[in-house]
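Listed below are the residues making up each chain.
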Amino acid sequence: MGTILANCITIALEPVSDSPTPLVFQILDILFLSIYIIEFLLKIWDSPINYWKSSYNIFDFLIVAVSLLEKIISSQMTISVTAHRFLRSIRAFRALRTISFIRRLQVVFMALVDTITN
């Protein structure tokens, strides 16, 4: 939970502009993404079958996978400024990983999903 909070703070502090992201924020982003990947791998190692039975684990996996994809795409390809902004904004979804840690937040999230889908 502390890692997610620290990641949210760095995302909020990161300057939003068309210029390249400052090196310190690039390093912190890689650090947080690495922590999330290690967490995923440890959970898979601990219980590979049960991991996929939890919708919150799947949600966490999707957020980490999209963040990793964003990192790969933005580092390997020359993309438009608009596409780069969109991919960078996806990192904000990492804050939603807190849902899997707080039971009351899970209830609120599920109520929101039920309201939207009905």
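Residues numbered from 1 in each chain as written. Predicted model: local features only at pLDDT ≥ 70, side-chain atom pairs only at ≥ 80, totals over all residues. Heavy atoms only, no water.

Time to look at the nonpolar core. Ile4, Phe32, Leu33, Tyr36 and Val64 together form the largest nonpolar core, which totals five residues. No other element matches helix H2 (residues 23–46), which puts three residues into this core. (Core = buried A, V, L, I, M, F, W, Y, C linked by side-chain atoms within 4.5 Å. Buried < 20%, exposed > 50% of the residue type's maximum accessible area, 1.4 Å probe, protein only. Helix = DSSP H or I, 4+ residues; strand = E, 2+ residues; numbered from the N terminus.)

This brings us to the packing of H2 against helix H4 (residues 55–76). Relative orientation of the contacting elements H2 and H4 amounts to 140°, with a least axis distance of 10 Å. Taken as axis vectors, H2 and H4 run oblique relative to one another. By crossing handedness, the relation of H2 to H4 is classed as left-handed. Contact residues: H2 offers Asp29, Ile30, Leu33, Tyr36, Ile37, Phe40 and Lys43, while H4 offers Asn57, Asp60, Phe61, Val64, Ser67, Leu68 and Lys71. For the contact of H2 with H4, a count of residues per class yields eight nonpolar, two polar and four charged. (Axes fitted to C-alpha atoms, helices over the stretch in contact; angles between N-to-C directions. Parallel < 35°, antiparallel > 145°, perpendicular 65-115°, else oblique. Left-handed = near helix turned anticlockwise from the far one by under 90°. Contact = heavy atoms within 4.5 Å. Nonpolar A, V, L, I, M, F, W, Y, C, P; charged D, E, K, R; others polar.)

Here the focus is the environment of aspartate 29. Following the sequence through the fold, aspartate 29 ends up in helix H2. Sequence separation between aspartate 29 and isoleucine 11 is 18 residues, and the spatial gap between their C-alpha atoms is 8.4 Å. A polar contact of 2.6 Å, which involves the side chain of aspartate 29, links it to the side chain of lysine 71. (Polar contact = N/O pair within 3.5 Å; in protein donor to acceptor, adjacent residues only side chain to side chain.)

This part covers the packing of aromatic side chains. Scanning the entire structure with this criterion turns up five aromatic pairs. Taking the centre distance of 5.2 Å and the plane angle of 40° together, the rings of phenylalanine 40 and phenylalanine 61 count as tilted. Here phenylalanine 40 is found in helix H2, whereas its partner phenylalanine 61 is found in helix H4, with 21 residues between them in sequence. Phenylalanine 40 gets classed as buried once you look at its relative accessible area, which sits at 18%. Here phenylalanine 61 falls in the partly exposed class, since its relative accessible area comes to 29%. Here the aromatic cluster, defined as three or more aromatic residues joined through ring pairs, consists of Phe40, Tyr51, Trp52 and Phe61. (Phe/Tyr/Trp six-rings, centres within 6.5 Å; stacked < 30°, edge-to-face > 60°.)

With that out of the way, let us pick up the pattern of salt bridges. This structure, assessed with the given rule, holds two salt bridges. Lysine 71 is the partner of aspartate 29 in a salt bridge, and the nearest nitrogen-oxygen pair spans 2.6 Å. Of the two residues, aspartate 29 is situated in helix H2 and lysine 71 in helix H4; the sequence distance between them amounts to 42 residues. Look at aspartate 29 and you get buried, because its relative accessible area is 3%. (Salt bridge = Lys/Arg side-chain N within 4 Å of Asp/Glu carboxyl O.)

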